[in-house]
Amino acid sequence: MDSIHTPAFATPADAVRALAPEGPVAIARPHRVKAAADWFKANLPADIFYAVKANPSSWALDALWAAGVRGFDVASEAEVKLVAERFGPEAKLAFMHPVKSRRAIGRAYHDYGVRTFVLDCEEELAKILDETNGAKDLTLIVRLAVSNDGASLPLAAKFGATPDVAATLLRKARGATEELMGVSFHVGSQCMRPVAYTAAMMEANRAIIRAGVLVDVVDVGGGFPARYPGMEPPPMDAYVREITAAFERMFVAQNAQLWAEPGRALVAEAGSIVTRVDLRKDDALYLNDGAYGNLFDATHVKWPFPVKLLRDGGSAAKTAPFRFYGPTCDSIDAAQGPFELPADVREGDHIEIGMLGAYGVAMATRFNGFGDTATVLSADAPWPSMFGAAEAKPAVDQVAEQPGVVRMADRKRSSKPRRK
Ligand SMILES: Cc1ncc(COP(=O)(O)O)c(C=O)c1O
């Protein structure tokens, strides 16, 4: 289990001041996960299955659980184990990776009680039936290929049954289970056009009508957006309106369930990464975190992640554009940005890179011996939110009282004097 430093800090700057961390620091704001989960529960009339891949950290899972989220979209045997062992049988696990190993299917079903499996081809259906000994109590979800036109990060290339095979697959899945059968899709991550959900649901509807089957579940997948500088999505209400209206128009069972698998939207604004400048060469900042660490998306997806200099004693009023290099020896460990920071950034400064609660720590590797990241709780809420103002800002001591927080009593604090 990952561990987290307590007590909580009021801000990431306080954490840096207190800990003088050698490696990168993941900033955890469970109160922002709660705000997002509360919003989804109050506004989207769907069963929520959090996409664990976005951030499997214990503080994020626990914050969701504390907010009443019980559904988890898991993609691997390790994610099944993580969630099942953490929350027990009350957790509803849906194994939503369209290509699973035989062992993963078997263990999920027999050892962890998973009953919901996705598939996008007949071969995968056969694997699921084989490894569950022809179980009749499965909820089988057929993942359909849909347009990813509205997405900033399309995910259409790899998975999804195309219209020519979807009808046959839907009929086979229907015949294979006495329990629920459903459809799912993914409109692509960071979907900027709410109408993309309507278009996908209408594509799914056409496949259902062609197949002539009864469908019990419509799973609209992930794709719900977060706010990055210069990438302002429409308000989340607009997504809810499109989805609920399209659901009404679908030819599905009268008591059909609506599901969603948000990842990014539930955790993005709840996490940041604090990284230290180890060297400056003109406009290039060499950091202690990078593409092989917590900054894969910040490096390769080339979105304008928000950045903030954390330094005591003030900085230049003038800003300048900077490039980032990560700590590994690989030259693709580089982010062109440009990242606008005070012009006098220098060695020893810390930079907070925001909106990295999703697909930040989740993607880190140990390449070159780097990747050791501390996690600290912070009570602030500095970035713009999809879920209203950060009025739910807790007192610092309340943040540390999150369930599941592990006290790192033996965590070494640096005795070195901090560089001024
Ligand atoms: C099957 C599935 N569901 C949900 C998600 C979460 O998507 P997002 O983070 O865009 O909400 C993903 C992301 O890759 C996915 O593959």
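Residues numbered from 1 in each chain as written. Predicted model: local features only at pLDDT ≥ 70, side-chain atom pairs only at ≥ 80, totals over all residues. Heavy atoms only, no water.

Quick word on the domain arrangement of the protein
When its domains are assigned, the protein resolves into domain 1 (5-28 + 269-399) and domain 2 (30-267). The C-alpha-based centres of domain 1 and domain 2 are spaced at 31 Å. With 33 residues of domain 1 at the contact, the number on the domain 2 side is 31 residues. For the pair domain 1 and domain 2, the summed buried surface comes to about 2600 Å²; carbon and sulfur atoms form 69% of the total. In terms of surface lost to domain 2, no three residues of domain 1 exceed Trp303, Met386 and Phe387, which account for 31% of the buried area on that side. (Domains from an automatic or database assignment. Contact = heavy atoms within 4.5 Å. Buried area = accessible area lost by both parts, 1.4 Å probe.)

Some points on the site of the ligand
Within the structure, the ligand sits among 15 residues, and Ser189, Gly223, Glu261, Arg264 and Tyr359 are positioned closest to it. In this structure, arginine 264 approaches the ligand through a main-chain N or O atom, which is 2.9 Å from an oxygen atom. Starting from 400 Å² of accessible surface for the ligand in isolation, the protein chains cover 90%. Per-class residue counts for the shell around the ligand are five nonpolar, five polar and five charged. (Near = heavy atom within 4 Å. Polar contact = N/O pair within 3.5 Å; in protein donor to acceptor, adjacent residues only side chain to side chain. Areas by Shrake-Rupley, 256 points an atom, 1.4 Å probe, with all protein chains shown as cover. Nonpolar A, V, L, I, M, F, W, Y, C, P; charged D, E, K, R; others polar.)

Observations regarding the packing of helix H6 (residues 122-131) against helix H7 (residues 163-176)
How two helices pack is summed up by the angle between their axes together with the distance between the axes. Orientation of H6 relative to H7, taken along the N-to-C sense of each, is 10°, at an axis distance of 10 Å. Between H6 and H7, the crossing angle belongs to the class labelled roughly parallel. Across from Glu122, Leu125 and Leu129 in H6, the residues of H7 making contact are Thr168, Leu169, Lys172, Ala173 and Ala176. Looking at the contact of H6 with H7 residue by residue, the classes come out as five nonpolar, one polar and two charged. (Axes fitted to C-alpha atoms, helices over the stretch in contact; angles between N-to-C directions. Helix = DSSP H or I, 4+ residues; strand = E, 2+ residues; numbered from the N terminus. Parallel < 35°, antiparallel > 145°, perpendicular 65-115°, else oblique.)

With respect to the pairing of strand S16 (residues 319-325)
In S16, alternate side chains face the same way, and those of Ala320, Phe322 and Phe324 are buried while those of Thr319, Pro321, Arg323 and Tyr325 on the opposite face are not. The pairing of S16 with strand S17 (residues 334-342) spans six bridges and is antiparallel. Note on S17: the bridge partner recorded for alanine 320 is leucine 341. (Buried < 20%, exposed > 50% of the residue type's maximum accessible area, 1.4 Å probe, protein only. Pairing = 2+ DSSP bridges.)

Describing the environment of leucine 144
Tracing the chain through its elements places leucine 144 in the loop between strand S7 (139-143) and strand S8 (151-153). Here leucine 144 falls in the buried class, since its relative accessible area comes to 5%. For the pair formed by leucine 144 and alanine 316, sequence separation is 172 residues and the distance between their alpha carbons is 52 Å. Dropping the residues within four chain positions of it, leucine 144 is found in contact with Gly160, Ala161, Ala166, Val183, Ser184, Phe185, Ala204 and Ala207.

Examining unusual backbone geometry
For the bond running from threonine 6 to proline 7, omega is 5°, close enough to zero to count as cis. Within the secondary structure layout, proline 7 lies in strand S1 (residues 5-9). Despite not being glycine, aspartate 282 has its phi angle at roughly 50°, a positive value. By the element assignment, aspartate 282 lies in the loop between strand S13 (271-281) and strand S14 (284-287). What makes aspartate 282 exposed here is its relative accessible area of 67%. Although it is not a glycine, tyrosine 359 sits at a positive phi angle of roughly 55°. With respect to the helices and strands, the residue tyrosine 359 is situated in the loop between strand S18 (350-353) and strand S19 (374-378).

What to know about the pairing of strand S6 (residues 116-119)
Side chains Thr116 and Val118 of S6 all project onto a buried face; the interleaved residues Phe117 and Leu119 project onto the opposite face, where all are buried too. Judged from the two bridges that link them, strand S5 (residues 92-95) and S6 form a sheet pairing that is parallel. When the sheet's bridge partners are listed, phenylalanine 95 is paired in S6 with phenylalanine 117. In this fold, S5 hands off to helix H5 (residues 102-110), which returns the chain to S6; that crossover is right-handed. Across four bridges, S6 lies against S7 in parallel orientation. The residue bridging valine 118 from the neighbouring strand is isoleucine 141, located in S7. Tracing the backbone out of S6, into H6 and back to the parallel element S7 gives a crossover that is right-handed. (Right-handed = clockwise from strand over helix to strand, strands pointing away.)

Overview of the side chain of arginine 29
On the secondary structure map, arginine 29 appears in the loop between strand S2 (25-28) and helix H2 (30-43). Residue arginine 29 is classed as buried on the basis of its relative accessible area, which comes to 0%. At a separation of 2.8 Å, a polar atom in the side chain of arginine 29 contacts the side chain of serine 272.

Section: the nonpolar core
Met201 and Phe224 are the most contacted members of the largest nonpolar core, which totals 122 residues. For phenylalanine 224, the contacting residues outside a window of four places in its chain are Phe40, Leu44, Tyr197, Met236, Tyr239, Ile243, Ala260, Pro262, Arg264 and Ala265. In terms of nonpolar packing, the next biggest core, distinct from the first, is built from nine residues, Phe9, Ala15, Val16 and Leu310 among them. (Core = buried A, V, L, I, M, F, W, Y, C linked by side-chain atoms within 4.5 Å.)

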